[in-house]
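# Residue-level structure breakdown
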Amino acid sequence: MKEKKSIWKTITGSREASLLIVLIILCVVISFRSPSFLTLKSISDMLKNNAVIMIMTLGMLGVLLIGGIDISVASTLAFSGMTVGMLLKYQKVENTFLLFLIAIGIGAACGLIIGLVIAKGKVLPIIATMGFMYIYRGMAYMIGNSQWASAENLGNFKNFALGKVLGINNVVLIMIICYIIFFVVMKWTKTGRKIYAVGSNREAASISGINTSNVELMVYTVMGTLAGLCGALAVAVYSSAQPNMLYGKEMDVIAACVIGGVSMTGGRGSVVGAFLGSLILAIIAKALPLVGIDAIAQNTVKGVIILVVVILNVITQRVMDKNNLKGREM
């Protein structure tokens, strides 16, 4: 007869459950201070404004799962976004779908180059992506040539972020589709299992017949592809294209994964966890000004909240490991 689990054991026995509790507590506390926080429009605006970070978190999930890291994502986004902005500014391309394809193609190429350097050149991920962070950001400035694209230069492209399908904002819809695709791939496909296998034990994965270099190349290419997509989305959402767009936001992408329980040593993490982590980060960003916290103190408060959530994740993981060991006892 199975022993019934207490509520505390259920919460501490699942990272996702503990994150959900944190999410609910945050929403309740913020709602007391700002009743308008949980309105449909407020939630929709929050998701739209943070969609680029939430989408790139998926790519970073794959990179971290194999034990890698990519700090060039914001620069890739800026490079692809500036390309879209300049094409619109000088009226070279005006078709929205084609502009998205161009941005995605640039991002994929950027990710592929990084993947080749890391997977085939055997360069440490932190070193390779640090170099490309400066290269791609520099290319964003070169394409702009001291220019930037304002809202009036973007024509109908900026309206993409205002459009809706079945009542759902276009940007939010793309984010939802990305999460559904990743959830299916990571949960039920060979590709997902290979990523987890490489991150858990690279040597064992190689011996079992998995081409670890190709898996590594794939995750960095996917990361770049999503960063390229987000470059076009960022231009539409913020109605401008600037070479310094989302400067430093690669740390938010990594933080969202860490909050979501993704291990930076590889092999552990989930799409649901990444979603909850990025959602908590989005809520923090939205809530701090609403509850009257001074702009200067916001980063400090944000850091404290992130640290608390990460500590909770560590405690949860230890409880899970302890329970697993108990289950193996004869």
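Within each chain, residues carry numbers counting from 1 in the order of the written sequence. At least 70 in pLDDT is required for a residue's local features to be given in this predicted model, at least 80 for side-chain atom pairs to be given and counted, and no such filter applies to totals for whole chains, interfaces and linings, which use all residues. Side-chain numbers here rest on the full set of heavy atoms in the structure, without hydrogens or water.

The chain goes by Monosaccharide ABC transporter membrane protein (CUT2 family) in an unreviewed UniProt entry, where it is assigned to Muricomes intestini. According to the UniProt record, the Subcellular location (unreviewed entry) comment for the chain is "Cell membrane". UniProt positions are given in the numbering used here, feature names are shortened, and annotations may be inferred rather than shown by experiment.

## Digging into the overall build of the chain
Counting from the N terminus, the helices are the DSSP runs of H or I reaching at least four residues and the strands are the DSSP runs of E reaching at least two. Each helix and strand in the chain was counted, giving 13 helices and two strands. The C-alpha radius of gyration of the chain comes to 21 Å, within 12% of the 20 Å expected for a compact globule of 330 residues. Whether two residues are in contact is decided by their heavy atoms: any pair within 4.5 Å suffices. Sequence separation of 24 or more characterises 78% of the internal contacts of the chain that already satisfy a separation of 6 or more. For the accessible areas, the method is Shrake-Rupley and the probe is 1.4 Å, while residue cover comes only from the protein chains on display. Accessible surface, the chain: about 16500 Å² in total, of which carbon and sulfur atoms supply 66%. Counting rule applied: Lys, Arg positive; Asp, Glu negative; His and chain ends not counted. Charge positions come from single atoms, namely NZ of Lys, CZ of Arg, CG of Asp or CD of Glu. Side-chain charges of the chain comprise 28 positive and 13 negative groups, with the mean position of each set lying 5 Å from the other. The quantity called the radius of gyration is restricted to C-alpha atoms. Its globule counterpart is 2.2 Å times the number of residues to the power 0.38.

## Focus on the packing of helix α4 (residues 73-89) against helix α5 (residues 96-120)
What counts as an axis is a line fitted to C-alpha atoms, over the stretch in contact for a helix, and the angles between N-to-C directions run from 0 to 180 degrees. One can describe the packing of α4 onto α5 by two numbers: an axis separation of 9 Å at closest approach and a directional angle of 150°. Here α4 lies roughly antiparallel to α5, going by the angle between them. Between α4 and α5 lies a crossing of right-handed hand. Residues Thr76, Phe79, Ser80, Thr83, Val84, Leu87 and Leu88 of α4 form the contact with α5, whose own contacting residues are Leu99, Ile102, Ala103, Ile106, Gly107 and Cys110. Asp, Glu, Lys and Arg are counted as charged, while Ala, Val, Leu, Ile, Met, Phe, Trp, Tyr, Cys and Pro are counted as nonpolar; the rest, among them Gly, fall into the polar class. Residues that form the contact of α4 with α5 fall into these classes: nine nonpolar, four polar and no charged. Should an angle fall under 35 degrees it is taken as roughly parallel, and over 145 as roughly antiparallel, whereas 65 to 115 is taken as roughly perpendicular and any remaining angle as oblique. Whether a crossing is left-handed or right-handed is set by the direction in which the near helix is turned from the far one by less than a right angle, anticlockwise for left-handed and clockwise for right-handed.

## Here we look at the side chain of Asn50
Along the polypeptide, Asn50 turns up in helix α3 (residues 40-65). Residue classification places Asn50 among the buried positions, given a relative accessible area of 17%. Two N or O atoms form a polar contact when they lie within 3.5 Å of each other; inside protein one atom must be a possible hydrogen donor and the other a possible acceptor, and for residues adjacent in sequence the pair counts only when both atoms belong to side chains. Of note is the side chain of Asn50, whose polar atom sits 2.8 Å from the backbone oxygen of Met46. For Asn50, the contacting residues outside a window of four places in its chain are Ala282 and Ala285. Using a 1.4 Å probe on the protein chains alone, a residue whose accessible area is under 20% of its type maximum counts as buried, one over 50% counts as exposed, and one in between counts as partly exposed.

## So, the pattern of salt bridges
Salt bridge, as applied in this entry: a Lys or Arg side-chain nitrogen positioned within 4 Å of an Asp or Glu carboxyl oxygen. By the definition in use, this model includes three salt bridges. Of the charged contacts, one joins Lys41 and Asp45 as a salt bridge, the two residues approaching to 2.9 Å between their closest N and O atoms. Of this pair, Lys41 and Asp45 both sit in helix α3, separated by four residues, roughly a single helical turn. Exposure remark for Asp45: the relative accessible area of 24% places this residue in the partly exposed category.

## Quick look at the UniProt feature "transmembrane region" (unreviewed entry) in the chain
What UniProt calls "transmembrane region" (unreviewed entry) maps, in this numbering, to residues 12-32, 52-85, 97-118, 124-144, 165-186, 217-241, 253-284 and 296-316. Structurally, residues 124-144 comprises 95% helix and 0% strand, and the distance from its first C-alpha atom to its last is 30 Å.

## With respect to the packing of aromatic side chains
Ring pairs (aromatic) are described by centroid distance and by the angle formed between their planes. Here a Phe, Tyr or Trp ring, Trp counted by its six-membered ring, pairs with any other such ring whose centre lies within 6.5 Å, and the pair is stacked when the planes are under 30 degrees apart, edge-to-face when over 60, and tilted otherwise. Inspection of the entire model under this criterion finds six aromatic pairs. Ring geometry for Phe100 against Phe160: centres 4.9 Å apart, planes inclined by 55°, an arrangement best described as tilted. A residue pair is termed long-range when its members are at least 10 positions apart, and Phe100 in helix α5 and Phe160 in the loop between α6 (125-144) and β1 (164-165) qualify at 60 residues. Ring centres of Tyr179 and Phe275 lie 5.3 Å apart, and the angle between their planes is 75°; this geometry places the pair in the edge-to-face category. A residue pair is termed long-range when its members are at least 10 positions apart, and Tyr179 in helix α7 (residues 170-188) and Phe275 in helix α12 (residues 271-290) qualify at 96 residues. Every member of this aromatic cluster is reached through a ring pair, and the members are Phe79, Phe132 and Tyr136.

## Regarding α7
Take the number of residues in a helix, subtract one, and multiply by 1.5 Å to get its expected span. Helix length check: α7 (19 residues) gives 27 Å between terminal C-alpha atoms against 27 Å at 1.5 Å per residue, within 8%. When we look at burial in α7, the residues that qualify are Asn170, Val171, Val172, Ile174, Met175, Cys178, Tyr179, Phe182 and Met186. In this fold, the buried residues of α7 make contact with α3, β1, β2 (168-169), α8 (190-200), α10 (212-238) and α12. The backbone nitrogen of Val171 has a side-chain oxygen 2.9 Å away, supplied by the residue at the start of α7, namely Asn169.

## Structural notes on the environment of Leu124
Mapping Leu124 onto the fold places it in the loop between α5 and α6. For Leu124, a relative accessible area of 58% gives the class exposed.

## Looking at the nonpolar core
Side-chain atoms within 4.5 Å link the members of a nonpolar core, which is a set of buried Ala, Val, Leu, Ile, Met, Phe, Trp, Tyr and Cys residues. Counting residues in each nonpolar core, the largest one holds 99 residues, and the members touching the most others are Ile55, Met56, Met60 and Phe157. When neighbours within four sequence positions are excluded, Met60 is seen to be in contact with Asp70, Val73, Met223, Val253, Ile254 and Cys257.

## Observations concerning the packing of α7 against α10
α10 packs onto α7 with a crossing angle of 165° between their chain directions and a minimal axis gap of 11 Å. With respect to α10, the axis of α7 lies roughly antiparallel. As α7 runs across α10, the sense of the crossing is left-handed. Touching Val171, Ile174, Cys178 and Phe182 of α7 are Val222, Leu226, Leu229, Leu233 and Val237, all from α10.

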